Amino acid sequence: MGESAKTAANAAVRHSERLYVPWWGWPLPVLGAVLLAAEIDLGYPGIRAWLPYVIALPVVVALLLSLGRSKVRITGGDEPELWVGDAHLPLRYAGEVEIFDKEAKRKALGRDGDPAAYVLHRGWVGPVVKVHLTDANDPTPYWLFSTRHPEKVAELLKGA
């Protein structure tokens with residue numbers, strides 16, 4: 001893994017995107033943290049009334065930031081690779097590429113899915129890309145991952 005990480009750091013990045021939580025995903029959890037802190041404050045008034053706010057709000061912000069830390073990257077160079085989260089796939093093992101819109105991804109993630117597949121799904125990102133693997137030694141039949149730019153990702157994977 002160390003060698004691959006160095007290779008990915010030195011290779012030219014052809015596509016990179018972070019699957020962050022959009023702005024519309026923030027208000028409800030933050031409001032929930034404020035209401036929880038206010039409820040605790042009403043039950044335990046006094047000097048520690050500020051404590052629930054100091055704990056709940058940063059925890060929710062940290063949670064939302066950690067949910068958006070996943071990346072999708074395609075590197076170039078001598079050994080092009082697809083990086084999805086912390087996993088990477090040399091593109092020489094990438095076979096057929098399929099794009100599913102947000103309506104079709106429900107079947108792809110549900111009853112039509114394979115439990116042995118590698119999946120990185122983010123509910124706030126509409127489309128997913130499915131990459132079939134050609135490596136006979138890999139027990140993973142395909143990778144299925146969310147991306148905001150499925151056409152560009154599919155074009156880069158097919159071109160490699």
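Residues numbered from 1 in each chain as written. Predicted model: local features only at pLDDT ≥ 70, side-chain atom pairs only at ≥ 80, totals over all residues. Heavy atoms only, no water.

1. So, the overall build of the protein
When helices and strands are tallied, the protein shows five helices and eight strands. Reading the secondary structure of the protein in the N-to-C direction produces α-β-α-α-β-β-β-β-α-β-β-β-α. For the protein, the C-alpha radius of gyration of 20 Å lies well beyond 15 Å, the compact-globule estimate for 160 residues. Dimensions of the protein, computed from C-alpha atoms along their principal axes, come out at roughly 65 × 40 × 25 Å. Within the protein, the proportion of its 160 residues that are buried is 35%. For the protein, long-range pairs separated by at least 24 residues make up 68% of all intrachain contacts whose partners lie at least 6 apart in sequence. A gap of 5 Å separates the mean positions of the 18 positive and 18 negative side-chain charges of the protein. (Helix = DSSP H or I, 4+ residues; strand = E, 2+ residues; numbered from the N terminus. Rg over C-alpha atoms; globule rule 2.2 N^0.38 Å. Buried < 20%, exposed > 50% of the residue type's maximum accessible area, 1.4 Å probe, protein only. Contact = heavy atoms within 4.5 Å. Lys, Arg positive; Asp, Glu negative; His and termini not counted. Charge placed at Lys NZ, Arg CZ, Asp CG, Glu CD.)

2. Examining the environment of Ala12
Turning to its location among the elements, Ala12 is positioned in the loop between α1 (2–10) and β1 (13–18). For Ala12 and Thr75, which are 63 residues apart along the polypeptide, the C-alpha to C-alpha distance reads 5.6 Å. Here Ala12 is in contact with Ile74, Thr75 and Gly76, once residues within four sequence places are set aside.

3. Quick look at the UniProt feature "transmembrane region" (unreviewed entry) in the protein
Under the present numbering, the feature "transmembrane region" (unreviewed entry) in UniProt falls on residues 20–38 and 50–67. Along residues 50–67 one finds 94% helix and 0% strand; the C-alpha atoms at either end are 26 Å apart. (UniProt positions renumbered as here; feature names shortened; annotations may be inferred.)

4. Points about the sheet that holds strand β2 (residues 71–75)
Read from one edge of the open sheet, four strands run β1-β2-β3-β4, paired in antiparallel fashion. The sheet is open, and its two borders are formed by β1 and β4 (87–90), each paired with just one other strand. Between one strand and the next, the sheet's axes are offset by a mean angle of 10°, whatever the strand orientation. By the bridge criterion, four bridges tie strand β3 (residues 81–84) to β4 in an arrangement that is antiparallel. Bridging across to β4, Val84 finds its partner in Ala87. Sitting on the sheet, helix α5 (residues 150–159) touches β1, β2 and β3, and the angle it makes with β1 is about 150°. (Pairing = 2+ DSSP bridges. Axes fitted to C-alpha atoms, helices over the stretch in contact; angles between N-to-C directions.)

5. Brief notes about the sheet that holds strand β6 (residues 118–120)
With respect to topology, four strands assemble into an open sheet ordered β5-β7-β8-β6, the strand pairing being mixed. The open sheet has two edge strands with one neighbour each: β5 (94–100) and β6. Averaged over all pairs of adjacent strands, the angle between strand axes in this sheet comes to 15°, irrespective of strand direction. The pairing of β5 with strand β7 (residues 128–133) spans five bridges and is classified as antiparallel. Within the sheet, the bridge partner assigned to Glu98 lies in β7 and is Lys130. Contacts from α5 reach β5, β7 and β8 (142–146) within the one sheet, and its direction differs from that of β5 by about 165°.

6. Observations concerning the pattern of salt bridges
Evaluation of the coordinates by the stated rule reveals three salt bridges. Put simply, Asp86 and Arg69 hold a salt bridge, and the shortest N to O gap is 3.9 Å. Here Arg69 lies in the loop between α3 (51–67) and β2 and Asp86 lies in the loop between β3 and β4, a separation of 17 residues in the sequence. The same class applies to Asp86 and to Arg69, which are both exposed. (Salt bridge = Lys/Arg side-chain N within 4 Å of Asp/Glu carboxyl O.)

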